[in-house]
Amino acid sequence: MNNFLWSLTAAGSLIGMVILGVGLMSVESAPQEAAIAAIALACAVLPYCLARAASELK
C-alpha cells in the first residue's frame, strides 16, 4: 500500500508538470496563470500528503 501511494505521488508530480507546461503556454492573464499553477501544485501536493500520512500511521 505504501509503495502504491508513493508511486501515485510520483505520477501526480508528472501530471502537475504537464498541466503547468501546457497551461502556461495558453494563458492570457495573471489570474489564469495563478489558477493553472495552483491546479498543478495540487496535483503534486495532495498525493504527497496522503502518502506521508499513510507512512506516519504505519
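It should be emphasised that the depicted structure is a prediction, and the values quoted were computed from it without experimental measurement.

Calculation notes
Residues numbered from 1 in each chain as written. Predicted model: local features only at pLDDT ≥ 70, side-chain atom pairs only at ≥ 80, totals over all residues. Heavy atoms only, no water. Phe/Tyr/Trp six-rings, centres within 6.5 Å; stacked < 30°, edge-to-face > 60°. Helix = DSSP H or I, 4+ residues; strand = E, 2+ residues; numbered from the N terminus. Buried < 20%, exposed > 50% of the residue type's maximum accessible area, 1.4 Å probe, protein only. Salt bridge = Lys/Arg side-chain N within 4 Å of Asp/Glu carboxyl O.

Engineer: Just give me the short version of the packing of aromatic side chains, but keep the residues and values in it.
Structural biologist: If you walk through the whole model with that rule in mind, you get 1 aromatic pair. With a centroid separation of 5.7 Å and an interplanar angle of 65°, the aromatic rings of Trp6 and Tyr48 are classed as edge-to-face. In this pair, Trp6 is assigned in helix 1 (residues 2-25) and Tyr48 in helix 2 (residues 30-57), connecting sequence segments 42 residues apart. Trp6 gets classed as partly exposed once you look at its relative accessible area, which sits at 32%.

Engineer: Break down the environment of Ser7 for me, citing the residues and quoting the values.
Structural biologist: Counting through the fold element by element, Ser7 comes out in helix 1. Residue Ser7 is classed as partly exposed on the basis of its relative accessible area, which comes to 40%. Taking the C-alpha atoms as reference points, Ser7 and Glu56, 49 residues apart in sequence, are found 17 Å from one another.

Engineer: Any details on the pattern of salt bridges? Residues and values, ideally.
Structural biologist: With the rule as written, the count across this model stands at 1 salt bridge. For Arg52, the salt bridge identified is with Glu56, shortest N-O distance 3.8 Å. Linking Arg52 with Glu56, this pair stays in helix 2, spanning 4 residues, or about one helical turn. When its relative accessible area of 42% is taken as the criterion, Arg52 is described as partly exposed.

From the geometry alone we can't say anything about function, so treat these as descriptive.
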